[in-house]
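# Understanding the architecture of this molecule
Single-letter residue listing:
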Amino acid sequence: DRCANTAAGVPVDSLGCPTVAKIDKARVLGGIRFRAGTAELESTSFAVLDSVLQSLRAYPDLQLEVQGHTSDAGANDQNLQLSQKRAEAVASYLISKGIEARRLTPIGYGEEMPLVKNDSPENRARNERIMISPMETVPLEPVPTPEKRN
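These remarks concern the structure in this document. (Residues numbered from 1 in each chain as written. Predicted model: local features only at pLDDT ≥ 70, side-chain atom pairs only at ≥ 80, totals over all residues. Heavy atoms only, no water.)

## Considerations on the layout of surface pockets
Each pocket or cavity is described by its volume, and for the largest pocket that value is around 300 Å³. What lines the largest pocket is a set of 18 residues, and nearest its centre among them are F34, G37, L82, R86 and E128. Mapped onto the lining of the largest pocket, the elements with two or more residues apiece are α2 (76–96) and β4 (129–134). In terms of residues, the lining of the largest pocket owes the most to one element, α2, which gives four residues. Here the residues of the lining of the largest pocket sort into seven nonpolar, seven polar and four charged. (1 Å grid on protein atoms, 1.4 Å probe; cavity = no way out; pocket = protein on both sides within 12 Å on 5 of 7 lines; lining within 4 Å. Points joined across faces, edges and corners; volume = space filled by probe spheres on them. Helix = DSSP H or I, 4+ residues; strand = E, 2+ residues; numbered from the N terminus. Nonpolar A, V, L, I, M, F, W, Y, C, P; charged D, E, K, R; others polar.)

## Describing the environment of S71
Its location among the elements puts S71 in the loop between β2 (64–69) and α2. Judged by relative accessible area, which is 1%, S71 ranks as buried. Between the alpha carbons of S71 and V90 there is a distance of 18 Å; along the sequence they are 19 residues apart. Beyond its immediate chain neighbours, meaning those up to four positions away, S71 contacts N79, E111, N118, R124, N127 and E128. At 2.9 Å, the side chain of S71 and the side chain of E128 are in polar contact. (Buried < 20%, exposed > 50% of the residue type's maximum accessible area, 1.4 Å probe, protein only. Contact = heavy atoms within 4.5 Å. Polar contact = N/O pair within 3.5 Å; in protein donor to acceptor, adjacent residues only side chain to side chain.)

Below you can see the structure in the form of structure tokens.
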């Protein structure tokens, strides 16, 4: 078994490794939809989130930043709050399905990081998105304590 740390119940290939793709780069989660002006996920989003769930289950060391982004429509501070609430809603869904909260970091970026110019309704829709990005995990080492001098 080449992948001895594979979680129970995860589909594996003939070598014992997960057949689910690992999330190894930042990507937009296409198909994530919210009720207009809210952080309430539409049920059509669940299939996309369930694919993220499969990857998180298959790779128990995987930690993700869940990013919320908006267009420039509306006030900047409201967009920042909405993007944070939407990122939290996505993280909450995954946590409700058994993923540990420590593996997810929801962050709202508001309108600060558009994919395209906010110059048309279509482009504003593209900028209103949820992205996921793997986070590097750095093992913690004990901090040496200074020796006492007499």
